[in-house]
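# Working through the structure, step by step
Single-letter residue listing:
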Amino acid sequence: MIAGLEGRVAVVTGGAAGIGRAIADKFLESGATVLTADVAGAADILCDVANEPQVEAMISTVIGRYGRLDIAVNNAGILGPFGKLLEQVEEAEWDKAIGVNLKGVFLCMKHELAAMSGQRRGVIINLSSVMGFLAAPKNPAYSAAKHGVLGLTKSAAVQYAGKGIRINAICPGFVETDMGTTIGADNSLSDFPKPFIPMGRKANPVEIAEIAAWLASDSSSYLTGEAIGADGGWRII
Ligand SMILES: NC(=O)c1ccc[n+]([C@@H]2O[C@H](COP(=O)([O-])OP(=O)(O)OC[C@H]3O[C@@H](n4cnc5c(N)ncnc54)[C@H](O)[C@@H]3O)[C@@H](O)[C@H]2O)c1
């Protein structure tokens, strides 16, 4: 339980599974009101983050029900065309990976910021990745999108710093979720993650949720535009 989330209204995209579900559960446990949004699974709101009318409707639903939006976690993401050389990536695969992982974050931020600006208060947390800093030799589209998420995070953090809105990113390494299992199933990565991760293990989604809860709370009140590595030391070696 993180103090300071009691009564806050939060939306978590991709909240039906994995890291998003763990974040939603941590927020609920900490006393927040949480709406999960997802394309699939048991979410409170059905929303494809790559579709602007659906994103607009998601934020309208939150505002219509609770009158405000205090915390938004833009977590929905897909792996995209994993295991391909750049020259083998189809245009449609690129569009899909960038559409969900980068345009989706832009669209959500656009409508979240419009709602939060009027309140002059709010926190946005974007899920980037260690691949937002590093090359992804197995997945250039994913790395490009996650680098882009950090650019959006930093630029918007500066634009909205004077409006009481803080915007930060979490950059996980390798997390035990469906996406993490898909990456781990690649035979060429059979000894992964040990050579990459000094801690020698994947993260539990709850460990990412703890960081999100801290970022969402006033305990991190002087932090904006930051990209927090949550990678067991991967990025520093
Ligand atoms: N698992 C990892 O190792 C890892 C590492 C670094 C970053 N991340 C990032 O963390 C976030 C969550 O990853 P995860 O491991 O929990 O993935 P996951 O595949 O376990 O869950 C992702 C969720 O997002 C939803 N989703 C997918 N496309 C969507 C769309 N267009 N609109 C709305 N919802 C959509 C899925 O239905 C699913 O519920 C992603 O942005 C991912 O890129 C994951």
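Before reading further, recall that the structure is shown in the block above.
Residue numbers restart at each chain and count upward from 1, following the sequence in its written direction. The model is predicted, so local features are restricted to residues of pLDDT at least 70 and side-chain atom pairs to those at 80 or more, both for listing and for counting; the totals for chains, interfaces and linings are taken over all residues. To obtain the side-chain values, all non-hydrogen atoms of the structure were used and water was disregarded.

### So, the overall build of the protein
Operational definition: Only DSSP runs of H or I with at least four residues qualify as helices, and only runs of E with at least two residues qualify as strands; both kinds are numbered from the N terminus onward. To sort residues, take the accessible area from a 1.4 Å probe on protein chains only and compare it with the maximum for the residue type: under 20% means buried, over 50% means exposed, and anything in between is partly exposed. Residues count as neighbours in contact if any of their non-hydrogen atoms are within 4.5 Å of one another.
Helix and strand content of the protein: six helices and seven strands. Helices and strands appear in the protein in the N-to-C order β-α-β-β-α-β-α-β-α-β-α-α-β. With the C-alpha coordinates aligned to their principal axes, the bounding extent of the protein is approximately 50 × 35 × 35 Å. The buried share among the 237 residues of the protein stands at 49%. In the protein, once contacts between residues fewer than 6 apart in sequence are set aside, the share between residues at least 24 apart is 71%.

### Quick look at the site of the ligand
How we decide: A cutoff of 4 Å decides nearness: a residue is near a molecule or strand if any of its heavy atoms lies inside that distance of it. Whenever a nitrogen or oxygen atom comes within 3.5 Å of another N or O atom, the pair is scored as a polar contact, on the condition that within protein one atom can donate a hydrogen and the other can accept it, and that pairs from neighbouring residues in sequence are kept only if both atoms are in side chains. Computed with a 1.4 Å probe, the accessible areas rest on the Shrake-Rupley method; for each residue, only the protein chains presented here act as cover. Asp, Glu, Lys and Arg are counted as charged, while Ala, Val, Leu, Ile, Met, Phe, Trp, Tyr, Cys and Pro are counted as nonpolar; the rest, among them Gly, fall into the polar class.
If you check the shell around the ligand, you find 27 residues, and the closest are Asp38, Asn75, Tyr142, Val175 and Thr177. A distance of 3.4 Å is found between a nitrogen atom of the ligand and a backbone nitrogen or oxygen belonging to cysteine 47. In the model, an oxygen atom of the ligand is placed 2.8 Å from a nitrogen or oxygen of the valine 175 main chain. For the ligand, whose accessible area on its own is 830 Å², the fraction buried by protein is 92%. Taken together, the elements giving at least two residues each to the shell around the ligand come down to helix 1 (18-29), helix 4 (140-160) and helix 5 (178-184). Ranked by residues supplied to the shell around the ligand, first place goes to helix 5 with three residues. Broken down by class, the residue content of the shell around the ligand amounts to 14 nonpolar, nine polar and four charged.

### Digging into the pairing of strand 1 (residues 9-13)
Put simply, the rule reads: Note: two strands are recorded as paired if DSSP finds a minimum of 2 bridges between them. When the strands point away from the viewer and the path from the first strand over the helix to the second turns clockwise, the crossover is right-handed.
The element strand 1 is extensively covered by neighbouring structure, given that five of its five residues are classed as buried. The two faces of strand 1 match: Val9, Val11 and Thr13 on one face and Ala10 and Val12 on the other face are all buried. Pairing between strand 1 and strand 2 (residues 33-38): five bridges, direction parallel. In the strand pairing of strand 2, alanine 10 is matched with valine 34. With helix 1 bridging strand 1 and its parallel neighbour strand 2, the resulting β-α-β unit is right-handed.

### A few points about the pattern of salt bridges
The criterion, for reference: Just to be clear on terms, a salt bridge is a Lys or Arg side-chain nitrogen sitting within 4 Å of an Asp or Glu carboxyl oxygen.
The final tally for this structure, using the stated rule, is nine salt bridges. One salt bridge in this structure joins aspartate 218 and arginine 8, with 3.1 Å as the shortest N-O distance. Taken together, the residues aspartate 218 in the loop between helix 6 (205-216) and strand 7 (227-230) and arginine 8 in the segment before strand 1 connect sequence positions 210 residues apart. Aspartate 218 gets classed as partly exposed once you look at its relative accessible area, which sits at 47%. Note on arginine 8: relative accessible area 12%, which makes it buried. Bridged by salt links that share partners, the residues Lys26, Glu29 and Glu210 form one connected network.

### Quick notes on the packing of aromatic side chains
Inclusion rule: Two rings belonging to Phe, Tyr or Trp (six-membered ring only in the last case) form a pair when the distance between their centres is within 6.5 Å. Interplanar angles under 30 degrees mark stacking, angles over 60 mark edge-to-face geometry, and anything in between is tilted. Whether a charge lies above a ring is judged from NZ of Lys or CZ of Arg, which has to be within 6 Å of the ring centre and within 35 degrees of the ring normal.
Under the criterion given, the structure shown has zero aromatic pairs. A cation over a ring is seen here: lysine 202 above phenylalanine 174, with NZ or CZ 4.8 Å from the ring centre. Sitting over the face of the ring of phenylalanine 133, arginine 235 holds its NZ or CZ atom 3.7 Å from the ring centroid.

### Notes on the sheet that holds strand 6 (residues 165-172)
Short version of the rule: Lines fitted to the C-alpha atoms define the axes, with helices restricted to the stretch that makes contact. Angles between their N-to-C directions range from 0 to 180 degrees.
In space, the seven strands of this open sheet follow the order 3-2-1-4-5-6-7, with parallel pairing throughout. Only two strands of the sheet have a single partner each, and these edge strands are strand 3 (45-46) and strand 7. Its contacts with the sheet place helix 6 against strand 4 (71-74), strand 5 (122-127), strand 6 and strand 7, and it is angled at close to 165° to strand 6.

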